[in-house]
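# Residue-level structure breakdown
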Amino acid sequence: FSLSPIGIFIFQEGKIKFANPESSNITGYSNEELIDSDKFSLIPVEEQKHVKKKMNQMLYRQRSSPFLIKIKHKSGDIKYLLLAACNLDFQQEPATLAYFFDTTEQERLKEALKLSEEKFYKAFRASPDWVVISTLDEGVYLEVNQAFLQTTGYEMHEVIGKTSVDLGIWDDPQERDELHKILQECGRVSNAEVKFRTKNEEILQVLWSAEVIEYGGQKCLIAITRDITHRKLVEEERLNREKLQGVLEIAGAACHEMNQPLQNIYFILDELLDKYEDNKIYSQ
């Protein structure tokens, strides 16, 4: 018990009667501070009822697997322990043996991962761009966000489990094959300008970015699509205006260049006309 790498307590009459050295390492309390203290003194008050219930289930063999508990370290920090308990005799009296090990780091990693996943799904659902997760090899849709459904016109049940080929999302399937080849070789594609087809056969111009990820134990891709159809129309209209403006400027310059010779011709003709009128009067 003294050399054990896990913490060990022996309880009798609701008190800690034995604590091994590892118990002090885990709890932060010395052996002298632990002995004869209440067996639930390390457990936050709000957790005690839950721990008593789980411990009784184990002692009466209603459960066999260790269970997770929280304790308050001497420093004030909350630590997580995986604990199991059984009945035994200690100094010829009935007692309870509790053995445990510190899982604080693993639990904090789980909490951080859970928080990260929650943030991801919030961003996933709220994104104004299409966001989809699909298998890398087959292209089967696993997750799509609301923006994808609103823009393409599909319902969730029409998409999940299907592929982009099944739905005819890519206007040019050859573009899809080329980009997926790049994905498999490089792991990512950024801002590829392609055309997508909606459920009602409307063609949209989009920017498509994707990256290979691990999802659900398999290689998948997460793709973000930004609809730039309106932007492209505005840009095309601007280019047409610029072309028209250029034509008008050229026409204006040409008119200006032609105006001077025409004026000269006008003055010459006017002068000739005056002479003609004078000669006519003289002859009469």
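Predicted, not measured: the structure shown is a model, and the values here were computed from it.

Conventions used here
Residues numbered from 1 in each chain as written. Predicted model: local features only at pLDDT ≥ 70, side-chain atom pairs only at ≥ 80, totals over all residues. Heavy atoms only, no water. Helix = DSSP H or I, 4+ residues; strand = E, 2+ residues; numbered from the N terminus. Buried < 20%, exposed > 50% of the residue type's maximum accessible area, 1.4 Å probe, protein only. Polar contact = N/O pair within 3.5 Å; in protein donor to acceptor, adjacent residues only side chain to side chain. Contact = heavy atoms within 4.5 Å. Salt bridge = Lys/Arg side-chain N within 4 Å of Asp/Glu carboxyl O. Pairing = 2+ DSSP bridges. Phe/Tyr/Trp six-rings, centres within 6.5 Å; stacked < 30°, edge-to-face > 60°.

The topology assignment puts Thr 198 in the loop between β8 (188-197) and β9 (203-215). What makes Thr 198 buried here is its relative accessible area of 3%. A distance of 2.4 Å separates a polar atom in the side chain of Thr 198 from a polar atom in the side chain of Asn 200. The residues touching Thr 198, leaving out its near neighbours within four places in the chain, are Thr 151, Thr 152 and Leu 204.

Moving on to the pattern of salt bridges. Scanning the model with the defined rule gives 9 salt bridges in all. Linking Lys 17 and Asp 36 is a salt bridge whose minimum nitrogen-to-oxygen distance equals 2.7 Å. Placement of Lys 17 in strand β2 (residues 15-19) and of Asp 36 in the loop between α2 (31-34) and α3 (45-59) is noted, with a sequence separation of 19 residues between them. On the accessibility criterion, Lys 17 (33% relative accessible area) is partly exposed.

For the rest of this paragraph, the subject is the pairing of strand β5 (residues 93-102). Bridge count between strand β1 (residues 7-12) and β5: 5 bridges; the pairing is antiparallel. Its bridge partner lying in β5, Ile 10 is registered against Leu 97. From the end of strand β4 (residues 78-90) to the start of β5, which pair antiparallel, there are 2 residues, and Gln 91 there has a positive phi angle of about 50°.

Turning to the packing of aromatic side chains, a few remarks are in order. For the structure on display, the rule yields 10 aromatic pairs. Judged by centre distance (5.2 Å) and plane angle (75°), the rings of Phe 120 and Tyr 121 are edge-to-face. By relative accessible area, which is 32% here, Phe 120 ends up partly exposed. Residue Tyr 121 is classed as partly exposed on the basis of its relative accessible area of 25%. With a centroid separation of 5.7 Å and an interplanar angle of 55°, the aromatic rings of Tyr 141 and Phe 148 are classed as tilted. Take Phe 148: its relative accessible area is 1%, and that puts it in the buried class. Taken together, the ring pairs connect Trp 130, Tyr 141, Phe 148, Trp 170, Phe 196 and Trp 208 into an aromatic cluster.

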